[in-house]
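Here's the letter readout for the chains.
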Amino acid sequence: MKTQVVVIGGGPSGLLLSQLLHRQGIESMVLERKTRDYVLGRIRAGVLETGTVDLMRQAGVSQRMDKECMLHDGIVISHADEQFSIDLKELTGSHVVVYGQTELTRDLYDAREAANGQLMFNVEHVQIHNADSESPRVSYVQDGKTYQIDCDFVAGCDGFHGVSRQAIPLSVRNEYEKVYPFGWLGILSETPPVNPELIYASSPRGFALCSMRNANLSRYYIQCSLSDSPDDWTDTAFWEELKRRIPTEAAEALVTGPSIEKSIAPLRSFVTEPMRWGRLFLCGDAAHIVPPTGAKGLNTAAGDIHYLFEGLTQYYATGDTQGIDCYSQKALARVWKAVRFSWSLTSMLHTFPDQSEFDHKMQAAEVAFMKSNRHAQAMLAENYVGLPY
Ligand code: APR
Ligand code: PHB
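Rules of the game
Residues numbered from 1 in each chain as written. Chains lettered and ligands numbered in written order. Predicted model: local features only at pLDDT ≥ 70, side-chain atom pairs only at ≥ 80, totals over all residues. Heavy atoms only, no water. Near = heavy atom within 4 Å. Polar contact = N/O pair within 3.5 Å; in protein donor to acceptor, adjacent residues only side chain to side chain. Areas by Shrake-Rupley, 256 points an atom, 1.4 Å probe, with all protein chains shown as cover. Domains from an automatic or database assignment. Buried area = accessible area lost by both parts, 1.4 Å probe. Pairing = 2+ DSSP bridges. Helix = DSSP H or I, 4+ residues; strand = E, 2+ residues; numbered from the N terminus. Contact = heavy atoms within 4.5 Å. Axes fitted to C-alpha atoms, helices over the stretch in contact; angles between N-to-C directions. Buried < 20%, exposed > 50% of the residue type's maximum accessible area, 1.4 Å probe, protein only. Nonpolar A, V, L, I, M, F, W, Y, C, P; charged D, E, K, R; others polar. Disulfide = S-S within 2.5 Å. Expected span 1.5 Å × (residues − 1). Arc of directions from axis to C-beta.

Novice: Hey, could you run me through the site of ligand 2 in this one?
Specialist: Surveying the vicinity of ligand 2 reveals 14 residues, the closest of which are Tyr200, Ser211, Arg213, Tyr221 and Pro292. A distance of 3.0 Å is found between an oxygen atom of ligand 2 and a backbone nitrogen or oxygen belonging to threonine 293. Between an oxygen atom of ligand 2 and a main-chain N or O atom of alanine 295, the distance comes to 3.4 Å. Here ligand 2 loses 100% of its free accessible area of 280 Å² to cover by the protein chains.

Structure (structure tokens):
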């Protein structure tokens, strides 16, 4: 078989790239290890930068999002019982869009299937051959049969546990990692959100986040121990702990209900350099991971897709390789800023097991400075709405 671009991974990164390429008349084939339903069963974050929204528009996949999304002009930060708003609109002239990543991925799948896109599910043993040559090849097994695809380029969109990053030799690859000593226990509940804007709450008992998917579907998180499992937490225990961490006014207004999903996510910061090797390009979680505190996972992946799509479009239109040659450098410049922001917000709002009293005081002072200083708020706001591509 032959195609122009093989996309390994049918998550949001791979699907967005494949759909953008399709709209440009560039052929691609998506190889996904799981099934569509399995991919759509993953519960992920739900805050989009306007850059991500623009890419969805460019991909021709924004109709449902435009109808169902919520525009948020601000967020709330709280520390114990003190709270203040960060006015994103006033500070940056921009906003964020609340729309579940699962819905975004569903919209992309629908678009690819409507265009008869080449989506291969349940693929196994994906291997990348000759990535550092002019004629890379990808092999995979499906239903016990081995297939070979000759292509021009390979986009490694197969997430943190995929094969693409491993295809870059260790002699070339540098990895940077920080693992946080806690996780996030998240639940979905068919209840109205406690607050019209997201609440990022820090408290002596740990971090909590009040988020949402729509007017009757709320998403809540509490920082938890890495030794916890979802079964350790009854719904009642979760709600009681959440109320202890958010401001009293919100705790009293909180509408609780049965969880329809409950899971724990570990937190890590991770970057691999370079994000390109020969004709292989890493995108999204395959190249970098951020703690969800800043809602930068999908939005940083979107930045990668923007740069790679720009470079591939230029190559196929003119033969000029300038765009793909500077992909890794441009993508990493934006990735590192998102990694810094996510680490900074995580460090400010979470309790750390080995924290001293002095450390607690530093955190409280950082939040107090954020509350009182417009420049500090503007810095947070600029990063939160999304730095320019
Ligand atoms: N072969 C084929 N597919 C694979 C392989 C493989 N060897 N390994 C992983 N995959 C698939 C996974 O099943 C998954 O569907 O690649 C896809 C990668 O998707 P994501 O992990 O969602 O990564 P990405 O598309 O970059 O999206 C980043 O997802 O994890 C969140 O927080 C993250 O919001 C961010 C977004
Ligand atoms: C979510 O709604 O799941 C969400 C929102 C903001 C974050 C993280 C997760 O920073």
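Novice: Would you explain the domain arrangement of the chain in this entry?
Specialist: Reports often express the size of an interface as the amount of accessible area lost when the parts come together. Domain boundaries assigned for the chain yield domain 1 (5-70 + 97-177 + 268-345) and domain 2 (180-267 + 352-385). Each of domain 1 and domain 2 has a C-alpha centre, and the two are 29 Å apart. Buried area between domain 1 and domain 2, summed over both chains or domains, comes out near 1700 Å², and the portion from carbon and sulfur atoms is 64%. Counting across the domain 1 and domain 2 interface gives 4 residue pairs in polar contact (both at pLDDT 80 or more).

Novice: Got a minute to help me understand the sheet that holds strand β2 (residues 28-31) in this structure?
Specialist: Strand pairing in a sheet takes place through backbone hydrogen bonds and is either antiparallel or parallel in direction. Judged by pairing direction, the sheet is mixed, and its 6 strands sit side by side in the order β8-β2-β1-β12-β19-β18 without closing on themselves. In this open sheet, the two edge strands, each paired with only one partner strand, are β8 (118-120) and β18 (276-277). Strand direction decides the pairing type here: strand β12 (residues 153-156) and strand β19 (residues 280-282), joined by 3 bridges, are parallel. Directly across from valine 154, in β19, lies its bridge partner leucine 280. Against the sheet, helix α9 (residues 297-318) engages β1 (5-8), β12 and β19, with an angle of about 175° to β12.

Novice: Explanation requested: unusual backbone geometry in the structure shown.
Specialist: When glycine is set aside, most residues are seen to have a negative phi, and most peptide bonds are trans. The peptide bond linking glutamate 273 to proline 274 adopts the cis configuration, its omega dihedral lying at -5°. Within the fold, proline 274 resides in the loop between β17 (259-273) and β18. Of note, the phi angle at asparagine 122 is positive, near 55°, even though the residue is not glycine. Judged by relative accessible area, which is 41%, asparagine 122 ranks as partly exposed. Of note, the phi angle at alanine 295 is positive, near 55°, even though the residue is not glycine. Secondary-structure assignment places alanine 295 in the loop between β20 (288-289) and α9. For alanine 295, a relative accessible area of 11% puts it in the buried group.

Novice: How should I be thinking about the site of ligand 1 in this particular structure?
Specialist: Residues in close proximity to ligand 1 total 24 residues, the closest being Ser13, Glu32, Arg42, Gln101 and Asp285. Contact distances for ligand 1 include 3.1 Å between an oxygen atom and a backbone N or O atom of leucine 298. Mapped onto the shell around ligand 1, the elements with two or more residues apiece are α1 (12-23) and α9. Here the shell around ligand 1 is composed, by residue class, of 9 nonpolar, 8 polar and 7 charged.

Novice: What is the right way to read the environment of lysine 178 from this model?
Specialist: Following the sequence through the fold, lysine 178 ends up in strand β13 (residues 174-189). Classification of lysine 178 as partly exposed rests on a relative accessible area of 37%. Those residues within four positions of lysine 178 in sequence are excluded, and the remaining contacts are Arg268, Ser269 and Trp343.

Novice: So what exactly am I meant to see when it comes to the side chain of glutamate 49 here?
Specialist: When you line up the elements, glutamate 49 lands in the loop between β3 (47-48) and α3 (50-58). At a separation of 2.6 Å, a polar atom in the side chain of glutamate 49 contacts the side chain of lysine 296. A distance of 2.8 Å separates a polar atom in the side chain of glutamate 49 from a polar atom in the side chain of arginine 334. Not counting residues within four places of it along the chain, the set of residues in contact with glutamate 49 comprises Lys296, Asn299, Arg334, Tyr384, Val385 and Gly386.

Novice: When you look at the state of the cysteines in this model, what are you seeing that I'm missing?
Specialist: By definition, a disulfide is the covalent link that joins the sulfur atoms of two cysteine residues. For the structure shown, the criterion picks out 0 disulfides. The thiol sulfur of cysteine 151 is not disulfide-bonded, and the nearest other cysteine sulfur, from cysteine 157, lies at 13 Å. Here cysteine 210 stays free of any disulfide, with the sulfur of cysteine 224 as its closest cysteine sulfur at 16 Å.

Novice: Looking at this model, I keep getting lost on helix α12 (residues 357-372). Mind explaining?
Specialist: One turn of an α-helix holds 3.6 residues; hence residues three or four places apart share an orientation. Spanning 16 residues, α12 covers 23 Å between terminal C-alpha atoms, matching the ideal 22 Å at 1.5 Å per step. Among all positions of α12, only Gln363, Val367 and Met370 are buried. Buried residues in α12, looked at end-on, bunch into an arc of 60°, giving them a common side. For α12, the exposed residues set more than 90 degrees away from the buried face come down to Glu357, Phe358, Lys361 and Ser372. In this fold, the buried residues of α12 make contact with β5 (74-79), β6 (82-87), α11 (327-349) and α13 (374-385).

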